[in-house]
Amino acid sequence: MNCRRTNSIQGKLAITMEERDLNTINDIKKTLLREISSLQKEIFHLTDEISVFTHQVSLAQSVVLPIHKKCNELFNSGKAQAAVDALISEDVEFKNEKYLARYLWKANLCKKNLGIYLTHPKNINLFKEFALHIDLSSTFIIDGLRLFFKSFQLDMPEYQTLDRCCEAFAFSYHKQNPSIFISNEACHNFSIMTVFLSTTLHNPNVAIPLTARAFEEIPVSLCNPDMAINFRGDVYNNVKYSPIQPEDSCLGSVFHTIRKEGFLHVQNSKKNWKKRWCVISPGVFLYFKSSSKYTCGPKGVILLKDVEIKDSVNVNKQFLISVGWKTEPPVGSKKLANEQECLLLASSEREQNDWVVELRKNNLKKDSVFCQNASIDHLNDL
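Residues numbered from 1 in each chain as written. Predicted model: local features only at pLDDT ≥ 70, side-chain atom pairs only at ≥ 80, totals over all residues. Heavy atoms only, no water.

Moving on, we come to the nonpolar core. Of all hydrophobic cores here, the largest spans 62 residues; its most connected members are Leu-100, Tyr-103, Leu-104, Ile-141, Phe-148, Phe-149 and Phe-181. No other element matches helix H8 (residues 184-202), which puts 9 residues into this core. Apart from the residues within four sequence positions on either side, Ile-141 is in contact with Phe-169, Tyr-173, Phe-181, Phe-190, Ser-191, Phe-231 and Val-235. Formed by 19 residues, the second largest nonpolar core is a distinct cluster that contains Val-266, Phe-285, Cys-342 and Val-356. (Core = buried A, V, L, I, M, F, W, Y, C linked by side-chain atoms within 4.5 Å. Buried < 20%, exposed > 50% of the residue type's maximum accessible area, 1.4 Å probe, protein only. Helix = DSSP H or I, 4+ residues; strand = E, 2+ residues; numbered from the N terminus. Contact = heavy atoms within 4.5 Å.)

Structure (structure tokens):
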């Protein structure tokens, strides 16, 4: 009897627990259904908002894209300034160089026309902003220069054009890699000399180009001390086996467009006069041991950047030409044998005047860099 009662009680307890579990499940189900309903409403509202936003973007694109298309057509047809003026007339924000640089970077523009526009003297700040769009972070400087010169095309550049290119590159490279060079100016100067190195190594007219030893004579102060030991050697070896310029560029012509050439006497550090074959290219003065200039390396190279050029006649009636710095050379320049100038001697007053005129024509209004190559003490050559 007692067993029956016990079984009955246990049965009632089991039913009661099942009912409670069922009630709990039903409560959870109702809660989930309410949450699902709430989420469905939110999704509906978000879908509606997305639809409205997509419509607005579509309307905006229907206005902007034709404008950009028209400007691209103008730019690619050689009317770069007209294209920029059209952009500004539609949106004054394009007056901002950062905004305009972003458009020039993203638009599918003719690289040749882009190069002509960016390298114009008045657009140097725009050029710098454009260069910032090139990812140069943690990039070896030679690889950075290659990336930079592939973003546009140079069409038979003068030295002044190359100088502005290196200025824009240095602005971007130093900003993205502040630990390599001590300043923008140092990066700028080193970039110019590296392009010059690439030219001498890969121009078929140069039989004996710069040596590694000569290139490594560029001052250590260009780089931070912990980068200086192997840095220049790595640069030389990299450029030696692969030129900087892309195939469609004409960088090789920069230092080999001859404006004037002929014999002058050059004074060395021992104050002796040596007869040398002198050459003026855009922004560069070079002198060689003989008139067969491409069968031996240059004895000296002066980048004509804000140098002071004077002519005079001494007591011995010699027609002198002085090429020197107006002030102390900037960081990264090389002062040879504590000299502030290079003295040249012409054979006549007419020859003196001709050389002075041509030197002044090719003198850039920038900080100067005096760089030797071919030998450590080339001013002492006998």
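With that settled, the discussion passes to the pattern of salt bridges. On inspection of all chains with the given rule, the structure shows 4 salt bridges. A salt bridge links Asp-143 to Arg-146; the shortest N-O distance between them is 3.1 Å. Of the two residues, Asp-143 and Arg-146 are both situated in helix H6 (residues 141-150); the distance of 3 residues between them amounts to about one turn of the helix. The exposure class assigned to Asp-143 is partly exposed, which follows from its relative accessible area of 34%. Relative accessible area serves as the criterion here: at 12%, Arg-146 is assigned to the buried category. The residue Asp-311 makes a salt bridge to Arg-360 at a minimum N-O spacing of 4.0 Å. One end of the pair, Asp-311, is in strand E5 (residues 307-313); the other, Arg-360, is in helix H11 (residues 349-361), with 49 residues separating them in the sequence. With a relative accessible area of 36%, Asp-311 lands in the partly exposed category. Overall, Arg-360 belongs to the partly exposed group, its relative accessible area being 46%. (Salt bridge = Lys/Arg side-chain N within 4 Å of Asp/Glu carboxyl O.)

This part covers the state of the cysteines. One pass over the structure, following the stated rule, counts 0 disulfides. Free of any disulfide, Cys-166 has its nearest cysteine sulfur in Cys-165, 6.7 Å distant. With no disulfide of its own, Cys-278 lies closest to Cys-342 among cysteine sulfurs, the gap being 7.7 Å. (Disulfide = S-S within 2.5 Å.)

With that out of the way, let us pick up unusual backbone geometry. The phi torsion of most residues other than glycine is negative, and most of the peptide bonds are trans. Positive phi, normally seen in glycine, also occurs at Ser-138, with a value near 55°. Summarising the element assignment, Ser-138 is placed in the loop between helix H5 (124-131) and H6.

Looking at the element boundaries, Ser-191 is found in helix H8. Taking relative accessible area as the criterion, Ser-191 reaches 0% and is therefore assigned buried.

Attention now goes to the side chain of Glu-129. Within the fold, Glu-129 resides in helix H5. Here Glu-129 sits buried without a salt bridge, and the closest side chain of opposite charge, Lys-98, lies 5.0 Å off (N-O distance). In contact with Glu-129, not counting residues within four places along its chain, are Glu-97, Lys-98 and Ala-101. (Lys, Arg positive; Asp, Glu negative; His and termini not counted.)

A surface patch of nonpolar side chains, about 370 Å² in accessible area, is lined by Ile-28, Leu-32, Leu-33 and Ile-36. Turning to its location among the elements, Leu-32 is positioned in helix H1 (residues 2-76). (Patch = residues over 30% accessible without salt bridge, like charges linked within 9 Å, V, L, I, M, F, W, Y side chains within 5 Å. Areas by Shrake-Rupley, 256 points an atom, 1.4 Å probe, with all protein chains shown as cover.)

Now for the packing of H6 against H8. At a minimum axis distance of 11 Å, the contact between H6 and H8 shows a crossing angle of 80°. Between H6 and H8, the interaxial angle falls into the category roughly perpendicular. Contacts from Ile-141, Ile-142, Leu-145 and Phe-149 of H6 reach H8 at Phe-190, Ser-191, Thr-194 and Val-195. Of the residues belonging to the contact of H6 with H8, the class tally is 6 nonpolar, 2 polar and no charged. (Axes fitted to C-alpha atoms, helices over the stretch in contact; angles between N-to-C directions. Parallel < 35°, antiparallel > 145°, perpendicular 65-115°, else oblique. Nonpolar A, V, L, I, M, F, W, Y, C, P; charged D, E, K, R; others polar.)

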